[in-house]
Amino acid sequence: MTFDLEKYVGEVLKDIRERGIEAVREYSRKFDGYDGEFLVREEEFEEAERLIPEEDKQVIARTIERVRKYHEKQLENDKLYIKNASLYGIIYKPIRRIGIYVPGGKPLPSSLIMAGVPAKIAGVREIVVTIPPKEGKVNPYVLYVAKLLGIKEVYKLGGIQAIGAMAYGIGMKKVDKIFGPGNKFVNEAKRQVFGAVGIDSLAGPSEIAVIADESANKDYVLADLLSQLEHGKDSKAWLLTTSKELAEYCNKEGVEVVLCESLEECAEKVNEIAPEHLEILTKEPLKLVDLIENAGAIYLGEYTPVPAADYFLGVNHVLPTGGAAKFGSVLTVMDFMKRISLAYVSREEFLQERYLGIRLAEIEGMEQHKRSMEIRR
Ligand SMILES: NC(=O)c1ccc[n+]([C@@H]2O[C@H](COP(=O)([O-])OP(=O)(O)OC[C@H]3O[C@@H](n4cnc5c(N)ncnc54)[C@H](O)[C@@H]3O)[C@@H](O)[C@H]2O)c1
Ligand SMILES: N[C@H](CO)Cc1c[nH]c[nH+]1
Ligand SMILES: [Zn+2]
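From a predicted model like this one, the values you see are computed outputs, not experimental measurements. (Residues numbered from 1 in each chain as written. Chains lettered and ligands numbered in written order. Predicted model: local features only at pLDDT ≥ 70, side-chain atom pairs only at ≥ 80, totals over all residues. Heavy atoms only, no water.)

S.K.: Before we move on, could you go through the overall build of the protein and cite the residues and values that matter?
M.R.: Within the protein, the secondary structure is distributed over 15 helices and 13 strands. The buried share of the protein, reckoned over its 377 residues, is 49%. Once local pairs closer than 6 in sequence are excluded, the contacts in the protein between residues at least 24 apart make up 68%. Only carbon and sulfur atoms are counted for the fraction: they give 52% of the accessible area of the protein, which is about 19700 Å². Separation of charge centres in the protein, based on 52 positive and 60 negative side chains, amounts to 8 Å. (Helix = DSSP H or I, 4+ residues; strand = E, 2+ residues; numbered from the N terminus. Buried < 20%, exposed > 50% of the residue type's maximum accessible area, 1.4 Å probe, protein only. Contact = heavy atoms within 4.5 Å. Areas by Shrake-Rupley, 256 points an atom, 1.4 Å probe, with all protein chains shown as cover. Lys, Arg positive; Asp, Glu negative; His and termini not counted. Charge placed at Lys NZ, Arg CZ, Asp CG, Glu CD.)

Right under this line is the structure:
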């Protein structure tokens, strides 16, 4: 019998909704071997800071700076215009309270940088972090990054129970939107709580696709493919190539190799896959970009391997997976904000144009809508 992920996760979430904190404790014991307080104490932040070597603090500071520089450019201004003495437009407001899930099977402090920095740029007031503990402790690098970003509410919670706790407000105040990547359980839980809260995207197990021709360095291609498989057994790697030699060289466990007649065919195959990351390692990589419709991120040339983007380029590494790049996008500052439409209409414009609304209300049989527009003088 095949494993039904949707049903499995759905049952855990239902149990968490019904039994609240008792269920969260139970799953935490079962999946993370943890049975203590969930909220991280101030002394734990201090201890984490003491554990981090000075050189690593500098690496983290410089990385945060690069991510900040890249993301600051994404902030959009309100878009307002005046027409017939009326004001129309869209204004942006930060989401008030968010949750960031930080993966903890292999703890990924870089993922907290990727979600925390744009959240701060957007002006989010309340940020909650959850991460599965290991032997009762949170990874010190994650706590140090949280501290640098001014995040004080960190919970030792992982997996489905972390998503349930944030979405339903169990053991903490409910959040408005959940961000951050995770394994298949986390990803499915995020999908299922959508509606109770917002979610950033379906950022599940990592993936890489590489389009390469005979000009590509074989070792670079193979190293990049293997880099994303390192994330875990659910990760995927595809090579799409016109080079028979490269195809043979990269024919390793976990790598799906597709030999194509042309680079155009490679691009078409990528559009069907919609991978999280796409590397293009061809003589003229820019030429192919126009042909790519579905990919979370595109990296061109020998010096833009996915791991560089994972860590230090400054681009965001929280990306849609599992085909979700057909409709979803890379995480940006604007994901932490809401759009609100705004209108302030002049008497002149209203009286001149209201016949449109009155007739549409008649067509729809909406008497009270019609009246609201008709009674104004
Ligand atoms: N798409 C992206 O943007 C992106 C970015 C970074 C990482 N990732 C992915 O995030 C994932 C991180 O996975 P991870 O496992 O290291 O950490 P994780 O925190 O996502 O998952 C670990 C937790 O899953 C839960 N769990 C494990 N087995 C379970 C089971 N059988 N039933 C119920 N719950 C269970 C446990 O609570 C455990 O603590 C990787 O797949 C990685 O590729 C994706
Ligand atoms: N490759 C991941 C995104 O799929 C991001 C990451 C974090 N650390 C290492 N890699
Ligand atoms: Zn990675």
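S.K.: Now, about the site of ligand 1: what can you tell me, with residues and values included?
M.R.: Close to ligand 1 lie 31 residues; Tyr8, Asp32, Tyr101, Asn183 and Ser206 are nearest. Ser206 is positioned with one of its side-chain polar atoms (N or O) 2.6 Å from an oxygen atom of ligand 1. In the model, an oxygen atom of ligand 1 is placed 2.8 Å from a nitrogen or oxygen of the Leu319 main chain. Summarising the interface, the protein chains cover 85% of the accessible area of ligand 1, which totals 860 Å² for the free molecule. Of all the elements in the fold, those that place two or more residues in the shell around ligand 1 are helix 2 (21–32), helix 7 (159–168) and helix 8 (184–193). For the shell around ligand 1, the element with the highest residue contribution is helix 7, accounting for three residues. Among the residues forming the shell around ligand 1, the class breakdown is 14 nonpolar, 14 polar and three charged. (Near = heavy atom within 4 Å. Polar contact = N/O pair within 3.5 Å; in protein donor to acceptor, adjacent residues only side chain to side chain. Nonpolar A, V, L, I, M, F, W, Y, C, P; charged D, E, K, R; others polar.)

S.K.: Provide a residue-level description of the packing of aromatic side chains, including the pertinent values.
M.R.: Tallying each qualifying case throughout the model produces six aromatic pairs. With centroids separated by 5.8 Å and ring planes inclined at 25°, the aromatic side chains of Tyr81 and Tyr88 adopt a geometry described as stacked. Three or more aromatic residues joined by ring pairs form one cluster here, namely Phe3, Tyr8 and Phe185. For the cation-ring pair, Lys252 lies above Tyr249, with the distance from its terminal atom to the ring centre recorded as 5.6 Å. (Phe/Tyr/Trp six-rings, centres within 6.5 Å; stacked < 30°, edge-to-face > 60°. Lys NZ or Arg CZ within 6 Å of the ring centre and 35° of its normal.)

S.K.: Please set out helix 9 (residues 218–229) residue by residue, giving values where relevant.
M.R.: Here helix 9 is 12 residues long and its end C-alpha atoms lie 17 Å apart, about the 16 Å a rise of 1.5 Å per residue gives. Within the sequence span of helix 9, burial applies to Val221, Leu222, Asp224, Leu225, Ser227, Gln228 and Leu229. Contacts made by the buried residues of helix 9 are with strand 8 (207–212), strand 9 (236–241), helix 10 (244–249), strand 10 (255–259), strand 11 (277–281) and helix 13 (306–311). Residue Asn217 occupies the N-cap position of helix 9, its side-chain oxygen lying 2.9 Å from the main-chain nitrogen of Asp219. (Expected span 1.5 Å × (residues − 1).)

S.K.: How would you summarise the coordination of the zinc ion (ligand 3) if you had to cite specific residues and measurements?
M.R.: A four-donor tetrahedral metal ideally has 109.5 degree angles, and a six-donor octahedral metal ideally has angles of 90 or 180 degrees. Taken together, His231 (NE2) and Asp310 (OD) make up the protein donors of the zinc ion (ligand 3), found 2.1 to 2.2 Å from the metal. Coordination at the zinc ion (ligand 3) is irregular, judged from the four donor atoms that bind it and the angles of 84 to 177° they form at the metal. Of this pair, His231 sits in the loop between helix 9 and strand 9 while Asp310 is found in helix 13, placing the two residues 79 residues apart along the sequence. The exposure class assigned to His231 is partly exposed, which follows from its relative accessible area of 39%. (Donors = N, O, S within 2.8 Å, 3.2 Å for Na, K, Ca; no water. Tetrahedral: all angles 85-135°; square planar, octahedral: opposite > 155°, others 65-115°.)

S.K.: I'd like a description of the sheet that holds strand 7 (residues 198–199), backed by residues and values.
M.R.: Pairing between sheet strands relies on hydrogen bonds along the backbone, with the strands arranged either parallel or antiparallel. Taking strand neighbours across the sheet as the criterion, the five strands line up as 5-4-3-6-7 in an open arrangement whose pairing is parallel. On the outer flanks of this sheet lie strand 5 (153–156) and strand 7, each paired with one strand and no other. Two strands pair when backbone bridges link them, and strand 4 (residues 126–131) and strand 5 are joined in this way by four bridges, in the parallel orientation. Across the sheet, Thr130 pairs through a bridge with Tyr155, a residue of strand 5. Its contacts with the sheet put helix 5 (residues 109–122) on strand 3 (97–101) and strand 4, and the angle it makes with strand 3 is roughly 165°. (Pairing = 2+ DSSP bridges. Axes fitted to C-alpha atoms, helices over the stretch in contact; angles between N-to-C directions.)

S.K.: Give me the site of ligand 2: which residues, what numbers.
M.R.: Every residue close to ligand 2 is listed here: Leu108, Ser110, Ser206, Gln228, His231, Glu276, His277, Asp310, Tyr311 and His317. In the environment of ligand 2, an oxygen atom lies 2.6 Å from a nitrogen or oxygen atom belonging to the side chain of Glu276. In the environment of ligand 2, a nitrogen atom lies 2.9 Å from a nitrogen or oxygen atom belonging to the side chain of Asp310. Contact with the protein chains covers 93% of the free accessible surface of ligand 2, which is 290 Å². Of the residues contributing to the shell around ligand 2, the split by class is two nonpolar, six polar and two charged.

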